[in-house]
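# Chains, contacts and geometry: an overview
What follows is each chain in one-letter form.
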Amino acid sequence: MKQGDVIEKTKNYVRKKFSGESTGHDWWHIYRVWKMARKIGKKEKADMFIVELGALLHDIADFKFYSGDDTVGPRKASEWLRSLEVDDEEIKKVSHIIDNVSFKGAKVKSKMESLEGKIVQDADRLDAIGAIGISRTFAFGGSKHRPLYEPNVKPIIHKTFEEYKKGSASTINHFYEKLLHVKDLMNTDTGKEIAQERHRFVEGYLKRFLEEWEGKK
Ligand code: ADP
Ligand code: NI
């Protein structure tokens, strides 16, 4: 099968699977990551077939939805790509991306090794900051019935994935636990540049939120 056809079929497969998801993992998240990964990938001169497949499949089975089993994602993606007769070598590269893409805590080091994976990871992380990132946190928090903000509960900077998985008390705390760290975790120069601007936007938003909270603005 032609590479373009594999991408097209994978896009349709993922879109169908993710339609109607409302915790921030909907098809449109995948779509944005895919677009951003293409943009970064072109600048960084990566293997675009791997970048595109990695981006489209990166969230195929998230640990949050399979009661913590993070081996499901790579397995599902491999089965899918095998059914399209993609080479084993390429399947391995895509699996590596899915395996390592996820944010697991501000001080938990990522094991992503390939350029293509670093690009997908940057694109995914960029979707967690900026205006869209902010929207996603509140969508996620709402789905877990979490308060917007709980001034008496301090944020935790997680050092292990186990701690991080248990999650934060309020959505604003998640800004301190994840969003504000994202810019320092970027892999590529292109990603860093885009993250800078989105970071400033999040900082401004947070400042304003806290001022309004106290009736200062
Ligand atoms: P991704 O798919 O980008 O790797 P995650 O799976 O970590 O991101 O989370 C999906 C979205 O939900 C992200 O925008 C993330 O910031 C947000 N999110 C994750 N955990 C929380 C939380 N405890 N409170 C609020 N938002 C969260
Ligand atoms: Ni994602």
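Residues numbered from 1 in each chain as written. Chains lettered and ligands numbered in written order. Predicted model: local features only at pLDDT ≥ 70, side-chain atom pairs only at ≥ 80, totals over all residues. Heavy atoms only, no water.

### Structural notes on the nonpolar core
Counting 49 residues, the largest nonpolar core has Leu-57, Leu-81 and Leu-126 as its most contacted members. Of all the elements in the fold, those that place two or more residues in this core are helix 1 (3–18), helix 2 (27–43), helix 3 (48–57), helix 4 (72–83), helix 5 (88–100), helix 6 (115–126), helix 9 (171–177) and helix 10 (189–213). If one sorts the elements of this core by residue count, helix 3 sits on top with eight residues. The residues touching Leu-57, leaving out its near neighbours within four places in the chain, are Thr-10, Tyr-13, Val-14, Ala-77, Trp-80, Leu-81, Val-94 and Ile-98. (Core = buried A, V, L, I, M, F, W, Y, C linked by side-chain atoms within 4.5 Å. Buried < 20%, exposed > 50% of the residue type's maximum accessible area, 1.4 Å probe, protein only. Helix = DSSP H or I, 4+ residues; strand = E, 2+ residues; numbered from the N terminus. Contact = heavy atoms within 4.5 Å.)

### Here's the deal with the packing of aromatic side chains
Summed over all chains, the structure comprises eleven aromatic pairs. Ring centres 6.0 Å apart and planes at 80° place the aromatic pair Tyr-149 and Phe-209 in the edge-to-face group. Taken together, the residues span a long stretch of sequence, with Tyr-149 in the loop between helix 7 (130–143) and helix 8 (161–166) and Phe-209 in helix 10 at a distance of 60 residues. Since its relative accessible area comes to 18%, Tyr-149 is described here as buried. Looking at Phe-209, the relative accessible area reads 15%, which means it is buried. Feature note: the residues Phe-138, Tyr-149, Phe-175, Tyr-205, Phe-209 and Trp-213 constitute an aromatic cluster, connected by ring pairs. Across from the ring centre of Trp-27, 5.8 Å away, lies the NZ or CZ of Arg-15, which sits over that ring. Across the ring face of Trp-34, the terminal group of Arg-38 is positioned such that the distance to the ring centre comes to 4.8 Å. (Phe/Tyr/Trp six-rings, centres within 6.5 Å; stacked < 30°, edge-to-face > 60°. Lys NZ or Arg CZ within 6 Å of the ring centre and 35° of its normal.)

### What about the environment of Lys-165?
Along the chain, Lys-165 turns up in helix 8. A residue is classified by how much of its surface remains accessible, and Lys-165, at 33% relative accessible area, is partly exposed. For the pair Lys-165 and Gly-105, spaced 60 residues apart in sequence, the C-alpha to C-alpha distance is 8.3 Å.

### Some words on unusual backbone geometry
Leaving glycine out, the prevailing phi sign among residues is negative, and the prevailing peptide bond configuration is trans. Notably, Lys-45 is not glycine yet its phi reads approximately 55°, a positive angle. Counting through the fold element by element, Lys-45 comes out in the loop between helix 2 and helix 3. Located in the positive-phi region is His-145, a residue other than glycine, with phi close to 55°. Relative to the assigned elements, His-145 resides in the loop between helix 7 and helix 8. Take His-145: its relative accessible area is 74%, and that puts it in the exposed class.

### Remarks on the pattern of salt bridges
Under the counting rule described, the total for this entry stands at nine salt bridges. Note that Glu-52 and Arg-38 form a salt bridge whose closest N and O atoms lie 3.8 Å from each other. Taken together, the positions of Glu-52 in helix 3 and Arg-38 in helix 2 put the pair 14 residues apart, joining distant regions of the chain. With a relative accessible area of 25%, Arg-38 lands in the partly exposed category. (Salt bridge = Lys/Arg side-chain N within 4 Å of Asp/Glu carboxyl O.)

### Quick look at the layout of surface pockets
If you add up the space inside the second largest pocket, you get close to 220 Å³. As for the second largest pocket, its lining consists of 15 residues, and the residues nearest its centre are Lys-109, Ser-110, Arg-125, Leu-185 and Asn-187. Classifying every residue of the lining of the second largest pocket gives five nonpolar, four polar and six charged. (1 Å grid on protein atoms, 1.4 Å probe; cavity = no way out; pocket = protein on both sides within 12 Å on 5 of 7 lines; lining within 4 Å. Points joined across faces, edges and corners; volume = space filled by probe spheres on them. Nonpolar A, V, L, I, M, F, W, Y, C, P; charged D, E, K, R; others polar.)

Read these as geometric descriptors, not functional statements.
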